[in-house]
Amino acid sequence: MTKFFLFISLFFISFNSYSQDVFDLGVRQIEIFFNEPNWDDSLDIYFANNNGERLIADSILIDGIADQNVGIKYRGNNTSYNASNIKNPINIKLDYINNGQSIDGYNVLKLSNNFHDPSLVREVLAYTIARNYMPAPKSTYANVFVDGVLIGLFTCVQSIDEDFTNEHFYERNGPFFKVESTNAIVSGCPTSPLGILEYYSDTNCYVRAYEMESSEDWTDLGEFLDTLNNHFTHIENVMDIDRTLWMMAYENLIVALDAPINSVPQNFYLFKDNNGRFSPILWDMKQAFGTFTNGLPAPVQNSDLIELDVFHEISNTQNNLTSKIFTVDRYRKMYIAHMRTILNEQFVNNNYSNLALSLQSEIDNQVSSDPNPFFSYADFISATTNTVSNNIGISELMSDRVAFLQNLSEFTVSPPVISDLTNTLTSVLPFTTVNITASISNSTYAYLGYRYKFADKFEKLEMYDDGLHGDGIAGDGVFGATINVDARDVQYYFYAENNDAGVFSPERAEKEFHQLAVVGGLVINEIMAGNSNSVADQNGEYDDWVELYNGNNFSLNLNGYYLSDSENDLTKWTFPNVTIGANDYLVIWCDTAGTTQSGLHTTYRLSADQEEVYLTSPTGILIDAVHYVNMPSDLGYARVPNGYGTMQYQQHTFLSNNQPFTAVDSEFIKSKIEVFPNPSKNIITITGAKFLSYIFNIMGQQIYSFKGDQKIDISSWNNGVYFIKSDNSVVKFIKN
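Cut-offs used in this document
- Residues numbered from 1 in each chain as written.
- Predicted model: local features only at pLDDT ≥ 70, side-chain atom pairs only at ≥ 80, totals over all residues.
- Heavy atoms only, no water.
- Helix = DSSP H or I, 4+ residues; strand = E, 2+ residues; numbered from the N terminus.
- Rg over C-alpha atoms; globule rule 2.2 N^0.38 Å.
- Buried < 20%, exposed > 50% of the residue type's maximum accessible area, 1.4 Å probe, protein only.
- Contact = heavy atoms within 4.5 Å.
- Areas by Shrake-Rupley, 256 points an atom, 1.4 Å probe, with all protein chains shown as cover.
- Salt bridge = Lys/Arg side-chain N within 4 Å of Asp/Glu carboxyl O.
- Disulfide = S-S within 2.5 Å.
- Core = buried A, V, L, I, M, F, W, Y, C linked by side-chain atoms within 4.5 Å.
- Phe/Tyr/Trp six-rings, centres within 6.5 Å; stacked < 30°, edge-to-face > 60°.
- Lys NZ or Arg CZ within 6 Å of the ring centre and 35° of its normal.
- Pairing = 2+ DSSP bridges.
- Axes fitted to C-alpha atoms, helices over the stretch in contact; angles between N-to-C directions.
- Expected span 1.5 Å × (residues − 1).
- Bend = angle between axes of the 7 residues up to and from the residue.
- Polar contact = N/O pair within 3.5 Å; in protein donor to acceptor, adjacent residues only side chain to side chain.

Enquirer: How should the overall build of the protein be read in this particular structure?
Expert: Summing up its helical and strand segments, the protein has 14 helices and 39 strands in all. Relative to its length of 736 residues, the protein is compact, with a C-alpha radius of gyration of 27 Å against a globular reference of 27 Å. Each principal axis of the C-alpha atoms in the protein carries an extent, and together these give about 75 × 65 × 60 Å. Here the protein, with 736 residues, has 59% of them falling under the buried criterion. Taking as baseline every contact in the protein between residues at least 6 positions apart, the subset at least 24 positions apart corresponds to 65%. Total accessible area on the protein stands at roughly 28,600 Å², and carbon and sulfur atoms take up 47% of it.

Set out below in structure tokens:
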């Protein structure tokens, strides 16, 4: 009976945790109110002046949530924006006047008018798929009203800003650039057409091709481009090659040609992380899936798009992305491996087509009632499958492109097979030497990528089948590498190749990775750094907390032990004379109260953005350490299985066993599994569920099971809250 009650209570916590986000797939309602009757004329003037000025809206309502004194401006280029348009792209800056003003933590919303896309789904579809593999903005739809008058349906896209870089790179203040032709004329600089990632000895010349989003970081950009152009053998010191290859493979696969893979010097960002590496960031997918054809030989036929070379622009020396990276055999194999993964997971199975049709179904009513459309409703219905106004249909393009790619030699050769990972190791002891192994067939080379923190880059260590690297018998097909672990869990992946092809394990590496728990008898078992209303301390305050678990069969006195959030000061807070029993739990509140309140209270708080928590013995030996990033409110970060598993987000289990069923994969927090429309009366579409999945009602009763992306008729189900459980991910939806 106790177990059943716990199960129900956890689901009620889930209901509170998963409130709707402004970028959840659906249609937001945005109502803008100006005090200026000629607001459109003013916005046109500001756009023409191009100096960043905004018109102040007295107020804005987003799904009924009000903000005041919001900055509005038109955005876009000369094709999507036109002064004669009623529906122009809009940039909404919620904190333009009132610092800190936001909606669900976002202070900028970018609205696109879908001027180029009769299907109205290309941008959202492209970003939704991309987020499975690389940093990419969230996106949804919005019906926009100004002073009570409906302007029409827009795509609503997350801004690439410091909040975005913090979410994906765990850093807000690194060197940051938008790659954009600025038309600036700089004395002494070339006036020739811009290439891709060109190097200039004079850093003043970079203002021709970049808008700096940070401050005074031209030298960093120049040093990066110098290495890319002139010292390419050192490229991995200054560029995140894996993220670069994912972006390039994706843009080529979906024929997104208004992009650097087509030598268009715009529509991506560059950000330098804490490891000194620049990463390109995907941007502006409005003309993905073949609607942008500039640069291809005229007249462009559908076959030119369908049969776009997988190494498009390899010979263009003005494109320092393709011409440099595609000359390295290993990078080409990795690029094809990433493209193969996206192809198989999203396109061979028609997931993309089902998602496109579901998006259209979601916005159908708004499209049919849009007073300012650029295409007819009939065009909207037809555009996913057929050519409309010289825009090739999405499935018309991709169904044939899938067949074309599958018949290329790069996709018919046999890559290595990686299996039997280090699965005999569920955990290892801190500060020990560990052999990481995998069975790899049909391979001539393999490496292990490993790290200890989300913000670290993966170190690469070659693996061998020689009997000397913890791999067993030489020549038995088991490859091994040996690493020395500290007190933090290990994140790792494998890469293997032969003369023809490469493969990753997991296939979505480095975006996803395997994990190995590093634990002793006493562990940091659960952390909550965003406790808004989940668990109150003895004084009724909702503070951050850390839970310890003693898995030993004897009690431990913690007098003189230390808990810290800084590796530079491991003795930041000292335990008093307190004992933790065998197989028992102990909670420490991180709230600065110290000894002024009963219970255990540190003298510091935790940050939800990213933090490390260290547990150290009185003699200075590090016992356990946990690193986390982007912790959502009211979720725990816990060891699953309890006491010895790796850390993952879950519904908190304060002072009790971390139950595997309650776990929530951190990728879900980034919208890996999605259900829409949500709420729904009749049909729901579920995407991102790769495993056997189950649906439970609020009482914890299983009522449905499925595998893979699904459309499910829920019209006969009782109204209420339901939960989808897929592998380690849980998502809520509402039947109304």
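Enquirer: I tried to follow the pattern of salt bridges on my own but got confused; where do I start?
Expert: It is possible for side chains bearing opposite charge to pair when their charged atoms get close. Counting across every chain of the model gives 25 salt bridges. Measuring nitrogen to oxygen at the nearest pair gives 2.7 Å for the salt bridge that ties Lys87 to Asp370. Residue Lys87 is found in the loop between β3 (65-74) and β4 (90-93), and its partner Asp370 is found in the loop between α10 (351-368) and α11 (377-382); the two are separated by 283 residues along the sequence. What makes Asp370 buried here is its relative accessible area of 10%. Several salt bridges share partner residues, and in doing so they unite Asp240, Arg243, Asp273 and Arg277 into one network.

Enquirer: Would you mind going over the state of the cysteines with me for this structure?
Expert: Here, the word disulfide means a covalent bond between the sulfur atoms of two cysteines. Under the definition given, this model contains one disulfide. Disulfide partner of Cys189: Cys205, at an S-S distance of 2.0 Å. Its torsion about the S-S bond being -85°, the disulfide of Cys189 and Cys205 is classed as left-handed. Within this pair, whereas Cys189 is found in the loop between β8 (176-179) and β9 (210-212), its partner Cys205 is found in the loop between β8 and β9, the two being separated by 16 residues in sequence. Both residues of the pair, Cys189 and Cys205, belong to the buried class.

Enquirer: Even after reading the chapter, I still don't get the nonpolar core, so can you show me in this structure?
Expert: Nonpolar side chains in soluble globular proteins tend to end up buried together. Grouped together as the largest cluster of nonpolar side chains are 142 residues, with contacts concentrated most on Tyr210, Phe347 and Phe575. Judged by nonpolar contacts, the second largest core, of 29 residues, contains Trp39, Ile60, Tyr74 and Val144.

Enquirer: Help me out: how do you make sense of the side chain of Arg488 in this one?
Expert: Mapped onto the fold, Arg488 is located in the loop between β17 (478-484) and β18 (490-497). Setting aside its immediate chain neighbours within four residues, Arg488 contacts Tyr452, Lys453, Val518, Glu612 and Ala625.

Enquirer: Can you help me understand helix α2 (residues 39-49) in this one?
Expert: Side chains three or four residues apart in an α-helix point the same way, a direct result of the helix having 3.6 residues per turn. For α2, the full list of buried residues reads Trp39, Ser42, Leu43, Asp44 and Tyr46. On the buried face of α2, the contacting elements are β2 (55-62), β3, β6 (139-146) and β7 (149-158). Just past α2, the residue Asn50 takes up positive phi, approximately 55°.

Enquirer: Got a minute to help me understand the packing of aromatic side chains in this structure?
Expert: Each pair of aromatic rings is reported with the distance of its centres and the angle of its planes. Tallying each qualifying case throughout the model produces 45 aromatic pairs. Arranged with centres 4.9 Å apart and planes meeting at 50°, the rings of Tyr495 and Phe504 form a pair that is tilted. Of the two residues examined, Tyr495 and Phe504, each falls in the buried class. For the ring pair Trp717 and Tyr722, a centre distance of 5.3 Å and an interplane angle of 50° mean the geometry is tilted. A single burial state applies to Trp717 and to Tyr722, both of which are buried. Each residue in the set Tyr170, Tyr445, Tyr447, Phe454, Phe458, Tyr493, Tyr495, Phe504 and Phe513 is aromatic and connected to the rest through ring pairs, giving one cluster. Taking the ring centre of Tyr445 as reference, the NZ or CZ of Arg330 above it sits at 3.8 Å.

Enquirer: Just checking my understanding: could you explain the sheet that holds strand β33 (residues 674-676) for this structure?
Expert: Spatially, the three strands line up as an open sheet ordered β33-β34-β37, and their pairing is antiparallel. Of all strands in the sheet, those with a lone pairing partner are β33 and β37 (710-713), marking the two edges. Direction aside, the axes of adjacent strands within the sheet are offset by 20° on average. With three bridges joining them, β33 and strand β34 (residues 683-687) adopt antiparallel strand pairing. Among the inter-strand pairings, Val675 is bridged to a residue of β34, identified as Ile686.

Enquirer: Quick question: what am I supposed to make of the pairing of strand β15 (residues 445-451) here?
Expert: The side chains of a regular strand alternate, first on one face of the sheet and then on the other. β15 sits mainly inside the fold: seven of its seven residues count as buried. Along β15, one buried face is formed by Tyr445, Tyr447, Gly449 and Arg451 and the opposite face, lined by Ala446, Leu448 and Tyr450, is buried too. Sheet topology places β15 next to β18; seven bridges connect them, and they run antiparallel. Looking across to β18, one finds that Ala446 is bridged to Ala496. Sheet topology note: the β15/strand β16 (residues 459-462) ladder contains four bridges and is antiparallel. Residue pairing in the sheet places Tyr447 in a bridge with Glu462 of β16.

Enquirer: I tried to follow unusual backbone geometry on my own but got confused; where do I start?
Expert: Leave glycine aside and you will find that most residues have negative phi; peptide bonds, for their part, are mostly trans. Note the cis peptide between Ala509 and Glu510, where omega equals 5°. Structurally, Glu510 can be placed in the loop between β19 (502-505) and β20 (514-518). Even without being glycine, Tyr170 reaches a positive phi, approximately 60°. Within the fold, Tyr170 resides in the loop between α4 (162-169) and β8. Exposure remark for Tyr170: the relative accessible area of 10% places this residue in the buried category. Even without glycine at this site, Asn630 takes up a positive phi of about 50°. Tracing the sequence through the fold places Asn630 in the loop between β29 (622-629) and β30 (636-640). Residue classification places Asn630 among the buried positions, given a relative accessible area of 18%.

Enquirer: Whenever I open this one, α10 confuses me. Can you help?
Expert: Compared with the 26 Å implied by 1.5 Å per residue over 18 residues, the 25 Å span of α10 between its first and last C-alpha is a close match. Glu362 marks where α10 bends most, by close to 45°. Of all the positions in α10, only Asn351, Tyr352, Ser353, Leu355, Ala356, Ser358, Leu359, Gln360, Glu362, Ile363, Gln366 and Val367 are classed as buried.

Enquirer: Help me understand the sheet that holds strand β11 (residues 278-282) in this model?
Expert: Hydrogen bonding along the main chain pairs the strands of a sheet, whether they run parallel or antiparallel. What the four strands build is an open sheet, ordered β9-β8-β10-β11; its pairing is antiparallel. For this open sheet the edge positions go to β9 and β11, each flanked by a neighbour on one side alone. When the angles between neighbouring strand axes are averaged without regard to direction, this sheet yields 25°. In this structure, β8 lies alongside strand β10 (residues 268-272), joined through four bridges in antiparallel fashion. Bridge pairing links Phe176 to Phe271 in β10.

Enquirer: What exactly am I supposed to notice about the environment of Asn550 here?
Expert: By secondary structure assignment, the location of Asn550 is in strand β22 (residues 544-550). What makes Asn550 buried here is its relative accessible area of 0%. In this structure the C-alpha to C-alpha distance between Asn550 and Asp569, which are 19 residues apart in sequence, comes to 24 Å. Setting aside residues up to four positions removed in sequence, Asn550 forms contacts with Gly521, Leu522, Ser555, Leu556, Ile580, Gly581, Ala582, Asn583 and Asp584. Polar contacts involving the side chain of Asn550 include one to the main-chain carbonyl oxygen of Gly581, which spans 3.1 Å.

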